[in-house]
Amino acid sequence: MSGKKNDDRESGDIPVEEFLRAGDRALRWIARYLEETRAYPVRSAGAEGDLLAALPARMPEEGEPLERIEEDFVRLVLPHLTHWNHPRFFAYFAISGSMPGILGEIYSAALNTNAMRWITCPASVELEKRMLRWLARSLGIPDSFSGILADAASTSTLLSLAAAREKATDYDCRRRGLAASGAKLRLYASEEAHLSVEKAAILLGIGLDHVVRIPSDMNYRLDAGALRERVRSDRAAGFLPFAVVATAGTTATTSVDPIPEIAAIAEEEGLWLHVDAAYAGAAALLPEKKDLFRGWEKADTIVVNPHKWLFTPIDASAFFFRDPEALRRAFSVVPEYLRTPDEADNPMDYGFQLGRRFRALKLWFVFRAYGRRGIEDRIRHHIRLARAFADWIDGEEEWERLAPAPFSVVCFRSLGPAGKARTEEALAERNRTLLERVNRSGEAYLSHAALKGRTALRLAVGNIRTTRADVDRVRGKLVEEVRAMSASASARLDRAQGEC
Ligand SMILES: *Cc1c(COP(=O)(O)O)cnc(C)c1O
C-alpha cells in the first residue's frame, strides 16, 4: 500500500491503521453527503459513455493509495450519479438509504457471511426469521406465514409463481420439465401489474402469451368480474389457469386491486394467489390504511420490499409464504457437501439462490432505531406531503389529477391555459417537455406513466429526508417551467407573425 511493502505481514489485507484513517474519512464524507445531498443535481446531467471514457481500460498493475481512490470517487463517479438518496428524488418509487440502514450494511459487509444453510450462519438465518415476523405482525400478516428475504420483488414474484407452477402440475414440472407435463398453464394479472410477472413467465417457460392481462376499471383496479369470466372460458378452452397476481399499489398509480374478490375467485377456481405489495405494503403499518390490504391473509404468497418504503438501503425484499412445504417441494435440492446431520430449517430450500447475504442486520438496525411508531409516523408524513401536492393540483384550473392517490404517489398533468382545447397528443407532448425541463434542471426528478392512453407525470414521495419545503420546491419548479414554456411559445408566435 502506498509504496509500503506488506511482505513482513501475514495478512494480505491493508494495515488496520490505514483502514481506520480511511474509514474515518468515509464516515465523515457519508455524513456530509447526507446533510448536503440537495446541493447535487438529482438526475445525472452527463451523456452515456462519459464515465466509461474517463476510466482506464485496465486495472492498475500496482496497488494505489486509498486517498487517490477516494479522490477519484468524488471527481469521476459522483458527477455521473443519479442521486436516489436525494430528498427531491420523486421519480419511480423514491427510496431511502437511512443512517441506521447504512450502519447495518457496514456491519454486514464486515462479517461477510453466507447463509446458505443454518449452520453456515445461524445468526443470519434466525435474525432474518425474527425480522420477517416483526414486519409481518406490524403489517397484519398472520403468524401462519413464514418468509425469506430476497434481493428484489421480481425475485419474490418469480419464486412464488415457480412454486405455483409446481403445485399446479403436482410437482411434476421440476422432474420432467414443463413440456413433458403437457400442462397448458395460464396466469392472470391486471393490465396495471408489474412487468416482473411477465419476466417470471419467460423464465418459468409459461410464455408471455399465457400471461392474461385482465382489464382494470376507471380507478386502475383489476376487474374481478372479467377475471372470473376469463378463467372459466380459458378452462373451457383447455388451458390450466394456475395463478393470479393481485397488486396492492400498482407501479403507475398505486391503485389496489380488490383483494377479497380476487381471493374468493382464487379459492373457487383453485388458483394460487400472489399479492404484489412491493411498494405500498409498507402502508399496512398504518391503522387507517389496513383496510386496503384486507384479504391478503388469504394469499399463498405476499411480497413487500423494505427497500422501497421502509427506509432500508437497497436491496431487501420480504417474501412471505403460507405453505413452506410448497416452496420446499418446488426448490429443495441438497447435494452431499451441504448435508448436515441437523434437521435445520435452511433458507436455500425456499428459493433458487444458494449464497445469501446478511440482509436482516440492516432491517434490525432500521426497525429498532425508528421503532414501529417511528416508521408509521414517517410513512404517514409522506402520505400527507403527497396529499398536499394532490390538493394543490385539484385546486388549479391549469392542472389535472389523473388517478386517486391512496398513498404517496400523485399522477397529474399540466393542461395549459384554461379554455384552450387540446388533443391528447398535444397534452402528451406538453407534459413530456415539461418533465424533461424539470428533470434537466436537476432540482427535482419526476417520472411519467401512460394511463389509459393519457400521459401522466408522477410525483412519488418516499425519501426519509424529504420535507414539505422539498415538495413546495418541485411545485414551484413545475409552475416556473410551465411559464417559461408559454413565454417561449408566444415568442415563437410573435416571430412567426413578424415574418409574415
Ligand atoms: C417496485 C415494484 C416491483 C419491482 O421491485 P424490484 O424489487 O425492483 O424487483 C414489483 N412490483 C411492484 C408493485 C413494485 O412497486
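Residues numbered from 1 in each chain as written. Predicted model: local features only at pLDDT ≥ 70, side-chain atom pairs only at ≥ 80, totals over all residues. Heavy atoms only, no water.

1. Describing the sheet that holds strand S8 (residues 399–401)
Here's step 1: Taken together, the four strands give an open sheet; going across it, the order is S8-S9-S11-S10, and neighbouring strands pair in antiparallel fashion. Among the strands making up the open sheet, the edge pair consists of S8 and strand S10 (447–451). When strand polarity is set aside, the average angle formed by the axes of neighbouring strands in this sheet is 40°.
Here's step 2: With three bridges joining them, S8 and strand S9 (residues 409–414) adopt antiparallel strand pairing. When the bridges of S9 are listed, Trp399 appears paired with Ser414.
Here's step 3: Contacts between helix H13 (residues 360–395) and the sheet are confined to S8, S9 and strand S11 (454–460), with S8 contributing the most and set at about 125° to the helix.
Here's step 4: Running at roughly 115° to S9, helix H14 (residues 424–441) makes contact with S8, S9, S10 and S11 of the sheet. (Pairing = 2+ DSSP bridges. Helix = DSSP H or I, 4+ residues; strand = E, 2+ residues; numbered from the N terminus. Axes fitted to C-alpha atoms, helices over the stretch in contact; angles between N-to-C directions. Contact = heavy atoms within 4.5 Å.)

2. Remarks on the domain arrangement of the protein chain
Here's step 1: Segmenting the protein chain into domains produces domain 1 (15–43 + 82–97 + 373–500) and domain 2 (114–357).
Here's step 2: With centres defined by C-alpha atoms, the gap from domain 1 to domain 2 works out at 32 Å.
Here's step 3: Taken together, the contact pairs 28 residues of domain 1 with 32 residues of domain 2.
Here's step 4: In total, about 2,400 Å² of surface goes out of reach between domain 1 and domain 2, with carbon and sulfur atoms giving 69% of it. (Domains from an automatic or database assignment. Buried area = accessible area lost by both parts, 1.4 Å probe.)

3. Considering the sheet that holds strand S6 (residues 301–304)
Here's step 1: One open sheet holds the seven strands; their spatial order is S1-S7-S6-S5-S4-S2-S3, and the pairing between them is mixed. Looking along the sheet, the strands with just one partner apiece sit at the ends: strand S1 (146–150) and strand S3 (211–214). In this sheet, neighbouring strand axes are inclined to one another by 20° on average, regardless of whether the strands run parallel or antiparallel.
Here's step 2: As defined by bridge partners, strand S4 (residues 240–247) adjoins strand S5 (residues 272–276) across five bridges and the pair is classed as parallel. The residue bridging Ala246 from the neighbouring strand is Val275, located in S5.
Here's step 3: On top of the sheet, helix H6 (residues 153–168) reaches S1, strand S2 (185–190), S4, S5, S6 and strand S7 (317–321); it is set at about 155° to S4, its chief contact.
Here's step 4: Strand contacts of helix H9 (residues 224–236): S2, S3 and S4, with the helix running at about 165° to S2, the strand carrying the most contacts.

4. Regarding the pairing of S1
Here's step 1: Most of S1 sits inside the fold, with four of its five residues counted as buried.
Here's step 2: Here five bridges tie S1 to S7, and the two strands are oriented antiparallel to one another. Counterpart to Leu149 in the pairing with S7 is Ala318. (Buried < 20%, exposed > 50% of the residue type's maximum accessible area, 1.4 Å probe, protein only.)

5. Observations concerning the site of the ligand
Here's step 1: The immediate surroundings of the ligand are formed by 14 residues, with Ala153, Ser154, Asp276, Asn305 and Lys308 found nearest.
Here's step 2: A distance of 2.6 Å is found between a nitrogen atom of the ligand and a side-chain nitrogen or oxygen belonging to Asp276.
Here's step 3: In the environment of the ligand, an oxygen atom lies 2.8 Å from a nitrogen or oxygen atom belonging to the side chain of Asn305.
Here's step 4: Those elements that provide at least two residues to the shell around the ligand are H6 and helix H11 (306–309). (Near = heavy atom within 4 Å. Polar contact = N/O pair within 3.5 Å; in protein donor to acceptor, adjacent residues only side chain to side chain.)

6. Topic: the packing of helix H1 (residues 16–36) against helix H3 (residues 66–77)
Here's step 1: Two numbers describe how H1 lies on H3: the axes approach to 11 Å, and their chain directions differ by 20°. Taken together, H1 and H3 sit at an angle that is classed as roughly parallel. By crossing handedness, the relation of H1 to H3 is classed as right-handed. Where H1 approaches H3, its residues Glu18, Ala22, Arg25 and Trp29 are matched on the opposing element by Leu66, Glu67, Glu70, Phe73 and Val74.
Here's step 2: In the contact of H1 with H3, the residues fall into five nonpolar, no polar and four charged. (Parallel < 35°, antiparallel > 145°, perpendicular 65-115°, else oblique. Left-handed = near helix turned anticlockwise from the far one by under 90°. Nonpolar A, V, L, I, M, F, W, Y, C, P; charged D, E, K, R; others polar.)

7. Focus on the side chain of Arg165
Here's step 1: If you trace the backbone, Arg165 turns up in helix H6.
Here's step 2: A polar atom in the side chain of Arg165 sits 3.3 Å from the side chain of Glu166.
Here's step 3: When residues no more than four places from it in sequence are discounted, the contact partners of Arg165 are Cys173, Leu185, Leu204, Ile206 and Phe242.

8. Some points on the packing of aromatic side chains
For any two aromatic rings, the description comes down to two numbers: the centre-to-centre distance and the angle of the planes.
Here's step 1: Under the counting rule described, the total for this entry stands at 21 aromatic pairs.
Here's step 2: Relative to Phe365, the ring of Trp364 has its centre 6.5 Å away and its plane inclined at 80°; by these criteria the two rings are edge-to-face.
Here's step 3: A network of ring pairs unites the aromatic residues Phe93, Tyr279, Phe293, Trp296, Trp309 and Phe407 as a single cluster.
Here's step 4: Geometry around Phe239 places Arg186 over its ring, the cationic atom sitting 3.6 Å from the centre. (Phe/Tyr/Trp six-rings, centres within 6.5 Å; stacked < 30°, edge-to-face > 60°. Lys NZ or Arg CZ within 6 Å of the ring centre and 35° of its normal.)

9. What about helix H8 (residues 196–203)?
Here's step 1: What H8 keeps buried is the set Ser196, Val197, Ala200 and Ala201. All buried residues of H8 fall inside an arc of 145° around its axis, so they share one side. When the buried face of H8 is taken as reference, the exposed residues oriented beyond 90 degrees from it are Lys199, Ile202 and Leu203.
Here's step 2: The first or second residue beyond H8 is Gly205, which carries a positive phi of 75°. (Arc of directions from axis to C-beta.)

10. A few points about the pattern of salt bridges
Where charged atoms from two side chains of opposite charge come close, those side chains can pair.
Here's step 1: Applying the stated criterion to the full structure yields 49 salt bridges.
Here's step 2: Among the salt bridges present, the one from Arg186 reaches Asp234, with a minimum N-O distance of 3.2 Å. Of this pair, Arg186 sits in strand S2 while Asp234 sits in helix H9, and the two are 48 residues apart along the sequence.
Here's step 3: As a salt-bridge pair, Arg413 and Glu424 come within 3.1 Å of each other at their nearest N and O atoms. Linking Arg413 in strand S9 with Glu424 in helix H14, this pair joins segments that are eleven residues apart in sequence.
Here's step 4: Judged by relative accessible area, Glu424 falls into the partly exposed class, the value being 37%.
Here's step 5: Because the salt bridges share partners, they merge into one network encompassing Arg437, Glu443, Arg473, Lys477, Glu480 and Glu481. (Salt bridge = Lys/Arg side-chain N within 4 Å of Asp/Glu carboxyl O.)

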